[in-house]
Amino acid sequence: MSLLVVNDIHTYYGKIHALKGISLEVNEGEVVTLIGGNGAGKSTTLNTICSITPAAEGQVILNGQDITAMPPHEIVKAGVVQSPEGRKVFTRLTVRENLEMGAFVRNDSRGIQDDLEDVFERFPRLKEREHQLAGTMSGGEQQMLAIGRALMARPRILLLDEPSMGLAPLLVKQIFDVVRYLNETNGTTILLVEQNALMALEVAHRGYVLQSGRISHEGAAAALKNDTAIIEAYLGG
Ligand code: ATP
């Protein structure tokens, strides 16, 4: 059974019909990527899954349970956790406080402490900067912090919205290394939205291509990488 099933969702912003029937599935242990140009509906898909921008039609099913109408905090509790686009860390809180905020839906203080240690081990830079205000961290560090904060909710599925956006090439590589590590070592299931289609298809098992609110292509990442139409449209010729 798929961990996450998105079934024919339609989402509107006022009169703008942003998602016109999106269906996708993510299996336990997979990295699945959503790629597509500006305004294709990638962020809206993630926000609809999280109920931040509710679906007008269609269903979101987690492990067989319909979560479409649940409020966002209940969805986090159910295990769907997003690291949003543009990082959005709490700039006036310290690194440690940001990570603690990530665990806001939990009350197992022992488990929270263990996970905090794990995040610090995985991201030594965050440990070094534990008491620094998040707003004074570099772009790459804030991105690591946003991912670490999402992990503190113990996601069953982690939704990453453009984690490489605005970062220098070396940091982009580090972010993709983290994505791979989380999946391969921690077994985290990941739905990854990226503009950087080539890198995303390298780390993902499968992918979906979005175009104007619809899925235009889907398949194994390796097949998408070799599809001429996709190469021309998204992989720089
Ligand atoms: P990008 O990579 O540029 O972020 P995207 O694929 O994530 O693009 P979305 O942000 O999901 O695309 O946007 C899908 C469509 O919905 C676009 O036409 C966009 O203009 C519109 N849209 C997104 N957010 C809003 C909003 N808050 N109000 C009105 N329209 C919106």
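Please refer to the structure higher up on the page.
Conventions used here
- Residues numbered from 1 in each chain as written.
- Predicted model: local features only at pLDDT ≥ 70, side-chain atom pairs only at ≥ 80, totals over all residues.
- Heavy atoms only, no water.
- Helix = DSSP H or I, 4+ residues; strand = E, 2+ residues; numbered from the N terminus.
- Rg over C-alpha atoms; globule rule 2.2 N^0.38 Å.
- Buried < 20%, exposed > 50% of the residue type's maximum accessible area, 1.4 Å probe, protein only.
- Contact = heavy atoms within 4.5 Å.
- Areas by Shrake-Rupley, 256 points an atom, 1.4 Å probe, with all protein chains shown as cover.
- Lys, Arg positive; Asp, Glu negative; His and termini not counted.
- Charge placed at Lys NZ, Arg CZ, Asp CG, Glu CD.
- Phe/Tyr/Trp six-rings, centres within 6.5 Å; stacked < 30°, edge-to-face > 60°.
- Lys NZ or Arg CZ within 6 Å of the ring centre and 35° of its normal.
- Pairing = 2+ DSSP bridges.
- Axes fitted to C-alpha atoms, helices over the stretch in contact; angles between N-to-C directions.
- Near = heavy atom within 4 Å.
- Polar contact = N/O pair within 3.5 Å; in protein donor to acceptor, adjacent residues only side chain to side chain.
- Nonpolar A, V, L, I, M, F, W, Y, C, P; charged D, E, K, R; others polar.
- Salt bridge = Lys/Arg side-chain N within 4 Å of Asp/Glu carboxyl O.

Asker: Give a description of the overall build of the chain that names residues and reports values.
Answerer: Looking only at helices and strands, the chain has ten helices and ten strands in total. Relative to the 2.2 N^0.38 estimate, which gives 18 Å for 237 residues, the radius of gyration of the chain is 17 Å and therefore close to what a compact globule would have. In terms of overall dimensions, the chain has a C-alpha envelope of 45 × 40 × 35 Å along the principal axes. Residues classed as buried in the chain amount to 49% of the 237 residues present. Residue pairs at least 24 apart in sequence account for 68% of intrachain contacts in the chain once pairs closer than 6 positions are excluded. Within the structure as shown, the chain displays about 10900 Å² of accessible surface, and the carbon and sulfur contribution to it stands at 49%. Computing the positive centroid from 22 side-chain charges and the negative centroid from 28, the chain places the two 4 Å apart.

Asker: Explain the packing of aromatic side chains to me, and be specific about the residues and the numbers.
Answerer: Here the structure, examined in full by the defined rule, presents zero aromatic pairs. Above the face of the Tyr181 ring, Arg122 is positioned so that its terminal group lies 4.1 Å from the ring centre.

Asker: Outline the sheet that holds strand 3 (residues 31–35), listing residues and values.
Answerer: Ordered in space as 6-7-8-3-9-10, the six strands form an open sheet in which the pairing is mixed. Both outer strands of the open sheet, strand 6 (80–83) and strand 10 (214–220), are each paired with one neighbouring strand and no more. The mean inter-strand angle of the sheet, taken between neighbouring strand axes irrespective of direction, is 20 degrees. Bridge analysis of strand 3 against strand 8 (residues 189–194) gives five bridges, and the strand direction is parallel. Within strand 8, the residue paired with Val32 across the bridge is Leu191. Sheet contacts for helix 6 (residues 139–151): strand 6 and strand 7 (157–161); angle to strand 6, the most-contacted strand, approximately 170 degrees. Helix 7 (residues 169–184) rests against strand 3, strand 7 and strand 8 of the sheet, and its axis sits at about 160 degrees to strand 8.

Asker: Describe the site of the ligand, with residues and values.
Answerer: The local shell around the ligand holds 14 residues, among which Asn38, Gly39, Lys42, Ser43 and Thr44 are the closest. Contact between the ligand and Lys42: an oxygen atom at 2.8 Å from a main-chain N or O atom of the residue. Gln195 is positioned with one of its side-chain polar atoms (N or O) 2.9 Å from an oxygen atom of the ligand. Surface burial for the ligand is 61%, taken as the share of its 630 Å² of free accessible area covered by protein chains. Counting residues per element, the ones that place at least two in the shell around the ligand are strand 2 (16–26) and helix 1 (42–49). Residue contributions to the shell around the ligand peak at three residues, all from helix 1. Broken down by class, the residue content of the shell around the ligand amounts to four nonpolar, seven polar and three charged.

Asker: Describe the pattern of salt bridges, with residues and values.
Answerer: Within the structure shown, the criterion is met by eleven salt bridges. Between Arg129 and Glu141 there is a salt bridge, and its shortest N-O distance comes to 3.5 Å. Taken together, the positions of Arg129 in the loop between helix 5 (124–128) and helix 6 and Glu141 in helix 6 put the pair twelve residues apart, joining distant regions of the chain. We classify Glu141 as buried; its relative accessible area is 9%. The residue Lys173 makes a salt bridge to Asp177 at a minimum N-O spacing of 2.9 Å. Highlighted residues: Lys173 and Asp177, both in helix 7, separated by four residues, approximately one helical turn. Several salt bridges share partner residues, and in doing so they unite Arg96, Glu100, Lys127 and Glu130 into one network.

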